[in-house]
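Each chain, written out:
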Amino acid sequence: MSPILNITGATKRFHTPDGKSVTALDDVSLRVEQNEFVTLLGPSGCGKTTLLRAISGFEGLESGAIEIAGSPVTHLPAHKRPVNTVFQNYALFPHMTIAKNIAYSLDVADTPKKEISERVGKMLDIVGLAGFGDRKINQLSGGQRQRVALARSLIAQPKILLLDEPLSALDKNLRHKMQQELKSLQAEFGIAFVFVTHDQEEALTMSDRIVVLSDGKIQQHGTPEDLYRRPKTEFVARFVGESNLFEGHVVEASSQNALVQIGNGQKVSINKSGLREGVKVKLLARPEDLSVGHNADREGLKFKAKIDQLFFVGADYQILATTHDGLAIKATLRPSAQSRDPIGSPRSEIEFFIDKEALHVIAAEAVHE
Ligand SMILES: Nc1ncnc2c1ncn2[C@@H]1O[C@H](COP(=O)(O)OP(=O)(O)OP(=O)(O)O)[C@@H](O)[C@H]1O
Ligand SMILES: [Mg+2]
């Protein structure tokens, strides 16, 4: 099956009033499959909105090409592209009622009145605004406006829906409800979603695939598990999830394994090919990869540390600690079902163990100095 969206080599530069040039998109290539939920994740200013605007046709490209459902659209104006956008700032019509806002694209397409009223009613229900149809936009809260914007875009059943931080104004409960709602709407309508968020947790829970952008470039894309377990760069490791990163270098390398020595002198053999002797690496361990006490049967890294802070967060303890040689450690520990004793207390000593199988190597060229 051909992808619903195929972007190749998209590059976009902006010229600022002081004569400088900003590369908002730098040779971005991306395929989105039909019915896929793809999330663009990255820090402010990395090019997320620009990429959405390029897909929807509100922004032209310096170079590169965009195809939707197999047809080139690079030179098509926005209103001719089978795409709808939920903008970061909603862009609703303030003088129209909510029902009129939602019905807008159907009105323009001369859809029969009865069908419009049925579909608008259904959308109002879906976004939790039943009974609000006759209100004006300026009589709504920010979160309610956001839901009107969503309903207005979904009602036209576009092939691709672009969503620019559509849930950012909602409180936590409503945000979770809308996350689930969006996922089921997407499955129901069979629309591909390109979704923008700052929130890595939202990206991990909602996406089939996450694209991490920085400075207008794709750093890495993959499933949430890929990015969490196998980040290629330190930037991605730090941006997706919490991390412990240990600096080291390869002291011995064979075709299958690398023996890595970290800063405090400990050595650990890692199952990874393609690393050369002498190269600098970082070893990544996620907080939940740490356990307490050393398991003598297993090979790995161990650290004696002092607990700085300890938070009880329901099932788990979150611990911030400093090793004897000054490394900051983040650990998420779950007490065993047999022992519900507290895991430690601030200022107490603790010994952490990380199984070598849990360590992920980030190679030198990808390490940001
Ligand atoms: N019209 C414009 N003129 C000049 N520079 C622009 C213009 N629009 C965007 N930029 C610049 O392009 C870069 C990318 O902007 P963009 O809006 O795509 O970022 P973003 O990832 O959506 O950020 P945020 O998360 O803050 O919304 C930024 O450096 C921004 O300042
Ligand atoms: Mg933006």
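Residues numbered from 1 in each chain as written. Chains lettered and ligands numbered in written order. Predicted model: local features only at pLDDT ≥ 70, side-chain atom pairs only at ≥ 80, totals over all residues. Heavy atoms only, no water.

Looking up the chain in an unreviewed UniProt entry gives the name Spermidine/putrescine import ATP-binding protein PotA, with the organism given as Ahrensia marina. Database annotation for the chain, UniProt heading Subunit (unreviewed entry): "The complex is composed of two ATP-binding proteins (PotA), two transmembrane proteins (PotB and PotC) and a solute-binding protein (PotD)." The annotation that UniProt attaches to the chain under Function (unreviewed entry) is "Part of the ABC transporter complex PotABCD involved in spermidine/putrescine import. Responsible for energy coupling to the transport system." (UniProt positions renumbered as here; feature names shortened; annotations may be inferred.)

**Q** Is there a simple way to think about the UniProt feature "domain: ABC transporter" (unreviewed entry) in the chain in this case?
**A** Mapped onto this numbering, the UniProt entry annotates "domain: ABC transporter" (unreviewed entry) at residues 5–240. Helix makes up 36% of residues 5–240 and strand 27%, and the two end C-alpha atoms of the span are 25 Å apart. (Helix = DSSP H or I, 4+ residues; strand = E, 2+ residues; numbered from the N terminus.)

**Q** Explanation requested: a nonpolar patch on the surface in the structure shown.
**A** A cluster of nonpolar side chains, namely Phe-311, Val-313 and Leu-320, defines an oily patch on the protein surface of about 220 Å² accessible area. Take Val-313: it is sitting in strand E16 (residues 300–313). (Patch = residues over 30% accessible without salt bridge, like charges linked within 9 Å, V, L, I, M, F, W, Y side chains within 5 Å. Areas by Shrake-Rupley, 256 points an atom, 1.4 Å probe, with all protein chains shown as cover. Salt bridge = Lys/Arg side-chain N within 4 Å of Asp/Glu carboxyl O.)

**Q** Just checking my understanding: could you explain the packing of helix H4 (residues 142–154) against helix H5 (residues 172–189) for this structure?
**A** Two quantities define a packed helix pair, namely the angle between the axes and the distance from one axis to the other. Orientation of H4 relative to H5, taken along the N-to-C sense of each, is 0 degrees, at an axis distance of 13 Å. Taken together, the axis directions place H4 and H5 in an arrangement best described as roughly parallel. Residues Arg-147, Leu-150 and Leu-154 of H4 form the contact with H5, whose participating residues are Leu-174, Met-178, Leu-182, Leu-185 and Phe-189. In terms of residue class, the contact of H4 with H5 is built from seven nonpolar, no polar and one charged. (Axes fitted to C-alpha atoms, helices over the stretch in contact; angles between N-to-C directions. Parallel < 35°, antiparallel > 145°, perpendicular 65-115°, else oblique. Contact = heavy atoms within 4.5 Å. Nonpolar A, V, L, I, M, F, W, Y, C, P; charged D, E, K, R; others polar.)

**Q** Just checking my understanding: could you explain the pattern of salt bridges for this structure?
**A** As a working rule, side chains carrying opposite charge can pair if their charged atoms are close by. Per the stated rule, a full pass over the model turns up 20 salt bridges. Arg-53 is paired through a salt bridge with Glu-59; the nearest N and O atoms lie 3.0 Å apart. Assessed through its relative accessible area of 17%, Glu-59 is described here as buried. A salt bridge links Arg-175 to Glu-202; the shortest N-O distance between them is 2.9 Å. Of this pair, Arg-175 sits in helix H5 while Glu-202 sits in helix H6 (residues 200–206), and the two are 27 residues apart along the sequence. Accessibility expressed as a relative area gives 16% for Arg-175, which makes it buried. (Buried < 20%, exposed > 50% of the residue type's maximum accessible area, 1.4 Å probe, protein only.)

**Q** For this particular structure, what's the right way to read the pairing of strand E4 (residues 63–68)?
**A** The side chains of a regular strand alternate, first on one face of the sheet and then on the other. The pairing of strand E1 (residues 5–15) with E4 spans five bridges and is antiparallel. Bridging across to E4, Ile-7 finds its partner in Ile-66. By the bridge criterion, two bridges tie E4 to strand E5 (residues 71–72) in an arrangement that is antiparallel. Directly across from Glu-67, in E5, lies its bridge partner Pro-72. In this structure, the hairpin formed by E4 and E5 is closed by a connection of two residues, where Ala-69 is found at a positive phi of approximately 50 degrees. (Pairing = 2+ DSSP bridges.)

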